[in-house]
Amino acid sequence: MSGPIRVIVHPPSPTGGRRVRVDGEILGLAHNLADVAEFLRRAGLEIDAAEVAQSSWIDWRGVGPERWGPEE
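Source: prediction; values computed, not measured.

Draft legend 1. Here's a closer look at the side chain of arginine 18. Counting through the fold element by element, arginine 18 comes out in strand S2 (residues 18-22). Among buried charged residues, arginine 18 stands out as having no salt bridge; its nearest opposite-charge side chain is glutamate 66, 6.5 Å away. A distance of 2.7 Å separates a polar atom in the side chain of arginine 18 from the backbone oxygen of histidine 10. Within the structure, the side chain of arginine 18 is placed 3.0 Å from the backbone oxygen of arginine 61, a separation counted as a polar contact.

Draft legend 2. A look at the pairing of S2. Here S2 shows one buried face, formed by Arg18, Val20 and Val22, and one open face, formed by Arg19 and Arg21. As defined by bridge partners, strand S1 (residues 7-9) adjoins S2 across 3 bridges and the pair is classed as antiparallel. Counted as the bridge partner of valine 9 is valine 20 from S2. Relative to strand S3 (residues 25-30), S2 runs antiparallel, the two sharing 5 bridges. Residue arginine 19 lies in a different strand from S3, and its bridge partner there is leucine 29. Counting the residues that bridge the hairpin from S2 to S3 gives 2 residues, and of these aspartate 23 lies at a positive phi of roughly 45°.

Draft legend 3. Representation of the sheet that holds strand S4 (residues 58-60) in the model. In spatial order, the strands read S3-S2-S1-S4; together these 4 strands make up an open sheet with mixed pairing. On the outer flanks of this sheet lie S3 and S4, each paired with one strand and no other. Strand-to-strand twist across the sheet, computed as the mean angle between neighbouring axes with direction ignored, equals 20°. Across the sheet, helix H1 (residues 33-42) touches S1, S2, S3 and S4, and the angle it forms with S3 is around 150°.

Draft legend 4. Structural view of the pattern of salt bridges. Tallied over the full model, the rule gives 3 salt bridges. Put simply, glutamate 38 and arginine 41 hold a salt bridge, and the shortest N to O gap is 2.6 Å. Here arginine 41 and glutamate 38 lie together in helix H1, a separation of 3 residues that amounts to about one turn. Classification of glutamate 38 as partly exposed rests on a relative accessible area of 26%. The partner of arginine 42 in a salt bridge is glutamate 38, and the shortest N-O contact between them spans 2.9 Å. Taken together, the residues arginine 42 and glutamate 38, both in helix H1 and 4 residues apart, mark about one turn of the helix. Judged by its relative accessible area of 61%, arginine 42 falls in the exposed class. Members of the salt-bridge network, linked through shared partners, are Glu38, Arg41 and Arg42.

What counts as what
- The numbers attached to residues start from 1 for each chain and follow its sequence in the written order.
- This being a predicted model, a pLDDT of at least 70 is required before a residue's local features are given, and a value of 80 or more before pairs of side-chain atoms are given or counted; all residues contribute to the totals for chains, interfaces and linings.
- The side-chain figures draw on all heavy atoms in the structure; neither hydrogens nor water molecules are used.
- In this description a helix means any DSSP run of H or I spanning at least four residues, a strand means any run of E spanning at least two, and both kinds are numbered starting from the N terminus.
- Relative accessible area decides the class of each residue, using a 1.4 Å probe on protein chains only: under 20% of the type maximum gives buried, over 50% gives exposed, and in between gives partly exposed.
- The sign given to each residue is positive for Lys and Arg and negative for Asp and Glu; His and the chain ends receive no count.
- Definition used for salt bridges: Asp or Glu carboxyl oxygen within 4 Å of a side-chain nitrogen of Lys or Arg.
- What qualifies as a polar contact is a pair of N or O atoms within 3.5 Å, subject to a donor-acceptor requirement within protein and to the restriction that residues adjacent in sequence count only when both atoms come from side chains.
- At least two bridges found by DSSP between two strands are what make those strands a pair.
- Only C-alpha atoms enter the line fits that serve as axes; for helices the fit covers just the stretch in contact. Angles between N-to-C directions range over 0 to 180 degrees.
- Any two residues having at least one pair of non-hydrogen atoms within 4.5 Å are treated as being in contact.

None of the figures reported here should be taken as evidence of function without further support.
Here you go:
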């Protein structure tokens, strides 16, 4: 693979959770930081759940890593 890996965590869905995409491929619907870390681990990217929120190579769309549910 050429170039940096692109990890995008999309805004919360209306029913809760956030889609996680790596290089254009949707890995799943995350409901917390541990889910994001697990999806990335399965994709071959090792990262500790405690480091997910501060990682410079994860693009948090819409809102930051503190929001997982629908708008209230």
